[in-house]
Amino acid sequence: MITIYNFGGPTRAVRPIWLCEEMGVPYDVKTISYPVPSDYRDRYPIGSVPYLEDGGVAMGESVAMLLYIAEKYGPTPLLPAKDDPALARVLSLSVFSEATFGGW
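Along each chain, residue indices are assigned from 1 in the same order as the chain's sequence is written. A pLDDT threshold of at least 70 governs which residues receive local features in this predicted model, and a stricter bar of 80 or more applies before side-chain atom pairs are shown or counted, although totals over entire chains, interfaces and linings include all residues. Side-chain numbers come from the whole structure's heavy atoms, not from hydrogens or water.

A.B. asks: Explain the overall build of the protein chain residue by residue, including any values.
C.D. replies: Counting from the N terminus, the helices are DSSP H or I runs at least four residues long and the strands are E runs at least two residues long. When helices and strands are tallied, the protein chain shows four helices and four strands. Secondary structure of the protein chain in N-to-C order comes out as β-α-β-α-β-β-α-α. Expected size for 104 residues packed as a compact globule is a radius of gyration near 13 Å; at 14 Å, the protein chain falls within 12% of this value. Along the first, second and third principal axes, the C-alpha atoms of the protein chain reach 45 × 30 × 20 Å. Two residues form a contact once any of their heavy atoms are found within 4.5 Å. Of the contacts made within the protein chain by residues no fewer than 6 positions apart, 57% connect residues no fewer than 24 positions apart. Of the side chains in the protein chain, 8 bear a positive and 12 a negative charge, and the two mean positions are spaced by 4 Å. Radius of gyration: over C-alpha atoms. The globule rule applied is 2.2 Å multiplied by the number of residues raised to the 0.38 power. We score Asp and Glu as negative and Lys and Arg as positive, and we do not count His or the chain ends. The atom standing in for a charge is NZ when the residue is Lys, CZ when it is Arg, CG when it is Asp and CD when it is Glu.

A.B. asks: So what's going on with the sheet that holds strand 4 (residues 57-60)? Which residues, and what values?
C.D. replies: Note on pairing: DSSP must find at least two bridges between two strands before they are called paired. Strand order in the open sheet formed by four strands is 2-1-3-4, with mixed pairing between adjacent strands. Of all the strands in the sheet, just strand 2 (27-31) and strand 4 have a single pairing partner and so form its edges. Taking each pair of neighbouring strands and ignoring which way they run, the sheet shows an average axis angle of 20°. Bridge count between strand 3 (residues 51-54) and strand 4: four bridges; the pairing is antiparallel. Its bridge partner being in strand 4, Glu-53 is matched across the sheet by Ala-58. The axes used here are C-alpha line fits, helices contributing only the stretch in contact, and every angle between their N-to-C directions lies in the interval 0 to 180 degrees. Those strands touched by helix 1 (residues 14-23) are strand 1 (2-6) and strand 2, and its axis lies near 155° from that of strand 2.

A.B. asks: Could you give me a rundown of the nonpolar core, with the residues and numbers involved?
C.D. replies: By size, the foremost hydrophobic cluster in this structure holds 16 residues, and its most contacted members are Ile-2, Ile-4, Leu-52 and Ile-69. The set of elements that each furnish at least two residues to this core consists of strand 1, helix 1 and helix 3 (62-73). In contact with Ile-2, other than residues within four places in its own chain, are Cys-20, Val-25, Pro-26, Tyr-27, Asp-28, Leu-52, Glu-53, Asp-54, Ile-69 and Tyr-73. If you look at the next biggest cluster of nonpolar residues, it comprises eight residues, including Ile-32, Val-36, Tyr-40 and Tyr-51. Take the buried Ala, Val, Leu, Ile, Met, Phe, Trp, Tyr and Cys residues and link them wherever side-chain atoms come within 4.5 Å; each set so joined is a nonpolar core. Residue burial is assigned from relative accessible area. The probe radius is 1.4 Å, only protein chains are included, and a residue is buried under 20% of its type maximum, exposed over 50%, and partly exposed in between.

Just distances and angles here, no functional claims.
Written as C-alpha cells, this is what we have:
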C-alpha cells in the first residue's frame, strides 16, 4: 500500500492523494510535525513533503509521484499509453506546469 507523508496543513501532497482517489488506489497518509523529526529525516534526508513509499519504492516530488502512480497502477485515462503520441504532450505539460507555475 502507498504511504504518503504530509504536514497537517495543505501541501502538494494533495496531488498524489487526489490521484489515488481518482484511480481507486489504496493509500495511507501519515502526518508529520514541523520542524520534521529526526526519524523522518533518517527516512528522507531532504525533509520535505510530500514523500511517498510503496513497497521498495521511496520518492519525493509530487509530479514524479503522479507519473509513478499512474504508470504502476494504471491503465488510467489520466495517462496515455506508452505507444500513444499524446503521452509526450502529457509529460511535457506536466513538467512545464510545475517548472513554470509551481513556485507561484
